[in-house]
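Summary of structural features
Now for the letters of each chain:
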Amino acid sequence: MSELSSLDVDSIQEVHDRWIRAELAGDTSCIVELCADDVRWIPPDAPPLLGKHAIANYLNDDTVGLRHIQVKDVVIHGNGSLAYLSGNYHSRFVVNGGIVMQEAKGTHLWIVRKTECGAWRVAVLAWSSWGP
């Protein structure tokens, strides 16, 4: 198995960075675009979401207003066509348009796959929360 090139690592990191910017901007179409067609999301304490349509519905029904997210300890490993990215997040958000700021901390794990055109896309996304 060949290791990821530095260009692949940079490309995966850029997908991650674009995703975070899109989350903060509320740009759900960008998030869906960064997913593989057969994407699978595995949220904590909920059934998996399968496919871009389910992801778009989930994001559009979401009542969380993300205000800040910081991701640390990012690790990227893999080979020429399949890789994983993990990191620890700390986010601040409001729910249902409220004014009370809430926080969440946890870990996210992405499995990313290189498409035929050479773009990296998120195939699996799972995240956990470190408690209330």
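See the structure shown above.
Each value, and the rule that gives it
Residues numbered from 1 in each chain as written. Predicted model: local features only at pLDDT ≥ 70, side-chain atom pairs only at ≥ 80, totals over all residues. Heavy atoms only, no water. Helix = DSSP H or I, 4+ residues; strand = E, 2+ residues; numbered from the N terminus. Rg over C-alpha atoms; globule rule 2.2 N^0.38 Å. Buried < 20%, exposed > 50% of the residue type's maximum accessible area, 1.4 Å probe, protein only. Contact = heavy atoms within 4.5 Å. Areas by Shrake-Rupley, 256 points an atom, 1.4 Å probe, with all protein chains shown as cover. Lys, Arg positive; Asp, Glu negative; His and termini not counted. Charge placed at Lys NZ, Arg CZ, Asp CG, Glu CD. Salt bridge = Lys/Arg side-chain N within 4 Å of Asp/Glu carboxyl O. Expected span 1.5 Å × (residues − 1). Arc of directions from axis to C-beta. Core = buried A, V, L, I, M, F, W, Y, C linked by side-chain atoms within 4.5 Å.

Some thoughts on the overall build of the chain
Along the chain, the regular secondary structure elements total 3 helices and 6 strands. Moving toward the C terminus, one meets the helices and strands of the chain in the order α-α-β-β-α-β-β-β-β. Taken over C-alpha atoms, the radius of gyration comes to 15 Å for the chain, in line with the 14 Å a tight globule of 132 residues would show. By its C-alpha atoms, the chain is 50 × 30 × 25 Å across when sized along the principal axes. Buried positions account for 35% of the 132 residues belonging to the chain. Taking the intrachain contacts of the chain between residues at least 6 apart in sequence as the baseline, contacts between residues at least 24 apart amount to 49%. By element, 54% of the accessible surface of the chain is carried by carbon and sulfur atoms, the whole surface being about 7,600 Å². Within the chain, one finds 11 positive and 16 negative side-chain charges whose respective centroids are separated by 3 Å.

A look at the side chain of H16
For H16, the location among the structural elements is in helix 1 (residues 6-25). On the basis of relative accessibility, which here comes to 2%, the residue H16 falls in the buried class. Leave out the neighbours within four places in its chain, and H16 touches V71, V74, L85, H108 and W110.

A few points about the pattern of salt bridges
Applying the stated rule across the entire model yields 5 salt bridges. K114 is the salt-bridge partner of D8, the closest N and O atoms lying 2.9 Å from each other. One end of the pair, D8, is in helix 1; the other, K114, is in strand 5 (residues 102-114), with 106 residues separating them in the sequence. Owing to a relative accessible area of 27%, K114 belongs among the partly exposed residues under this scheme. Here D37 makes a salt bridge to K52, at a shortest N to O gap of 3.4 Å. Of this pair, D37 sits in strand 1 (residues 35-42) while K52 sits in helix 3 (residues 52-61), and the two are 15 residues apart along the sequence.

Details of helix 1
Compared with an ideal rise of 1.5 Å per residue, which puts 20 residues at 28 Å, helix 1 spans 28 Å between its outermost C-alpha atoms and is within 8% of the ideal. Within helix 1, burial applies to D8, I12, V15, H16, W19, I20 and A22. Here the buried residues of helix 1 occupy an arc of 165° about the axis, which is enough to place them on one side. Counted as exposed and oriented over 90 degrees from the buried face of helix 1: S6, L7, D10 and A25. A positive phi of about 70° marks G26, the residue just after helix 1.

Points about the nonpolar core
Of all hydrophobic cores here, the largest spans 29 residues; its most connected members are I12, W19, W41 and W110. Top element by residues in this core is helix 1. It accounts for 5 residues. Setting aside residues no more than four positions away along its own chain, W110 makes contact with V15, H16, W19, A83, Y84, L85, V122, V124 and L125.

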